[in-house]
Amino acid sequence: MTYHPKSDFIRIMIERGFLADCTDYQGLDEALMSGVVPSYIGYDATAQSLHVGHLMNIMMLRWLQKTGHKPITLMGGGTTKVGDPSFKASERPLISAEQIATNIAGMQQVFGKYLSYDDTATGAVMLNNAEWLDQLNYLEFLRDIGRHFSVNRMLSFESVKSRLDREQSLSFLEFNYMILQAYDFLEINRRYGCLLQMGGSDQWGNIVNGIDLTRRVLDHEIYGLTSPLLSTSDGRKMGKSEGGAVWLNADMLSPYEFWQFWRNTTDADTGKFLKLYTEISVEECDRLGALQGSEINEAKVILANAVTTLLHGAEAAAAAEATAREVFEKGGVGDDLPTFEISAADLGDGLSIVQALVKSGLVKSGKEAKRLIGENGAKIDDQPLTSPGLMLDADALASPVKLSAGKKRHALIKLVD
């Protein structure tokens, strides 16, 4: 990257590692220098919460606002009905309108933690593309918008090509997705003067389509900027952990488990993640990321505290750190561990240890629980768990029981009245 930006936003994007590509560095840089640039990122409503994989571009919107520009969060109430085929091996299952509305309500909880939604020039705006997509007349849309798209060109985009090269079916429904996303950019430009769309590098083709369409229909100059698709240094997709997706809503993943995800970052990723997911200075991120041995663990605690504070608040971060130190350093139980509560009525004659491991969320199935016990990877109150036939009765649960899967994942089973 040899371009030397004048604007704070692009400079920060480059310095902190957010930038993969841009459709016109100089044009965008000059626009950012000459006034407030409204910019959007779209989020399809495929789950009831955003996850850690979304956090990178939420941070991009946060930096955009902090450098004097206007973030737009676009909820995909319309596009979710179709499903984005980009780099997917198969068609996404169709989601009902009711589930989409539920998912959007859940996803919207997070944005206010990172962005200020208000009526000022740089106040964030929340939109839903169902507002214009649900009203489209198909024949008019084909005639007015569809004529600007070349099928030959659409087939050449990597996101589509990779699916066809593997001889996996691509439905006409999915093929329409990129036209709808391009139309989103046109509409948000027309309605809100939006000049920039951002997204992961897998969205490059969709973003370029929107820029071309807006230029053809409105003769407006707009821009696209993409971030790299992150994987951890050990090859896992960012946002996936042993327990599944790392959700951002506290009711789907406790602040403690969220904190723990960041504390478990590999040494090689610590400096990079500090730059992307915190607001600590680049120089300090580099210093912390270069630490060795046990010192790097303190850098990971700083990372976990900073990221958790942004999402869940300083109190939740402090409580998570205190619990972690209690559990790991003193072998205690910790007040903030994920807890599964069971009533005496539900307990009946007892709860098998296999069921306990599943219900606590440490494993996904009984089969996985038995394998974990067989491989000596499970503990009960810090003692090795050797028998998958163990039953927990009311006496055993007179005080909370701590279960562990490996060295880093713990939960409590608690009997309640």
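This is a predicted model, so every value here is computed, not measured. (Residues numbered from 1 in each chain as written. Predicted model: local features only at pLDDT ≥ 70, side-chain atom pairs only at ≥ 80, totals over all residues. Heavy atoms only, no water.)

## Some points on the sheet that holds strand β9 (residues 339–343)
(1) Moving on: Spatially, the 5 strands line up as an open sheet ordered β9-β15-β14-β11-β12, and their pairing is mixed. Every interior strand has two partners, whereas the edge strands, β9 and β12 (383–384), have only one.
(2) Moving on: Examined bridge by bridge, strand β14 (residues 401–405) and strand β15 (residues 409–416) share 5 bridges and lie antiparallel to one another. Looking across to β15, one finds that K402 is bridged to L412. (Pairing = 2+ DSSP bridges. Helix = DSSP H or I, 4+ residues; strand = E, 2+ residues; numbered from the N terminus.)

## Looking at the pattern of salt bridges
(1) Moving on: Within this structure, the stated rule accounts for 18 salt bridges.
(2) Moving on: Measuring nitrogen to oxygen at the nearest pair gives 3.4 Å for the salt bridge that ties D8 to R11. One end of the pair, D8, and the other, R11, are both in helix α1 (residues 8–16), 3 residues apart, so they sit about a helical turn from each other.
(3) Moving on: D8 gets classed as partly exposed once you look at its relative accessible area, which sits at 43%.
(4) Moving on: Classification of R11 by relative accessible area gives partly exposed; the value is 33%.
(5) Moving on: In this structure, a network of salt bridges that share partners links the residues E131, E187, R190 and R191. (Salt bridge = Lys/Arg side-chain N within 4 Å of Asp/Glu carboxyl O. Buried < 20%, exposed > 50% of the residue type's maximum accessible area, 1.4 Å probe, protein only.)

## Details of the nonpolar core
(1) Moving on: Counting 64 residues, the largest nonpolar core has F9, Y43, Y114, L248, F258, W262 and Y277 as its most contacted members.
(2) Moving on: Top element by residues in this core is helix α3 (residues 52–66). It accounts for 9 residues.
(3) Moving on: Contact partners of Y114, with chain neighbours within four places excluded, come to L55, I58, M59, R62, V307, L310 and L311.
(4) Moving on: Y40, M154, F157 and F185 belong to the second-largest nonpolar core, a separate cluster that totals 29 residues. (Core = buried A, V, L, I, M, F, W, Y, C linked by side-chain atoms within 4.5 Å. Contact = heavy atoms within 4.5 Å.)

## Things to note about the sheet that holds strand β2 (residues 38–44)
(1) Moving on: Spatially, 6 strands are ordered β1-β6-β5-β2-β3-β4 in an open sheet, and the strand pairing comes out mixed. Two strands lie at the open edges of the sheet, namely β1 (21–22) and β4 (125–128), each paired on one side alone.
(2) Moving on: In terms of strand pairing, β2 meets strand β5 (residues 196–200) through 2 bridges, oriented parallel. Paired with S39 across the two strands is L196, which belongs to β5.

## What about a nonpolar patch on the surface?
(1) Moving on: Together, Y138, L139, L142 and F172 make up an exposed nonpolar region whose accessible area comes to about 460 Å².
(2) Moving on: If one sorts the elements of the nonpolar patch by residue count, helix α6 (residues 138–144) sits on top with 3 residues.
(3) Moving on: Within the fold, Y138 resides in helix α6. (Patch = residues over 30% accessible without salt bridge, like charges linked within 9 Å, V, L, I, M, F, W, Y side chains within 5 Å. Areas by Shrake-Rupley, 256 points an atom, 1.4 Å probe, with all protein chains shown as cover.)

## What about the packing of aromatic side chains?
(1) Moving on: Inspection of the entire model under this criterion finds 8 aromatic pairs.
(2) Moving on: Between F261 and W262 the ring centres are 5.1 Å apart and the planes differ by 85°, which places this aromatic pair in the edge-to-face class.
(3) Moving on: Take F261: its relative accessible area is 15%, and that puts it in the buried class.
(4) Moving on: Residue class for W262 comes out buried when judged on its relative accessible area of 0%.
(5) Moving on: Look at W262 and F273: their rings are 5.9 Å apart centre to centre, the planes differ by 80°, and that puts the pair in the edge-to-face class. Residue W262 is located in helix α12 (residues 255–263), and its partner F273 is located in helix α13 (residues 267–277); the two are separated by 11 residues in the primary sequence. The burial state of W262 is the same as that of F273; both residues are buried. (Phe/Tyr/Trp six-rings, centres within 6.5 Å; stacked < 30°, edge-to-face > 60°.)

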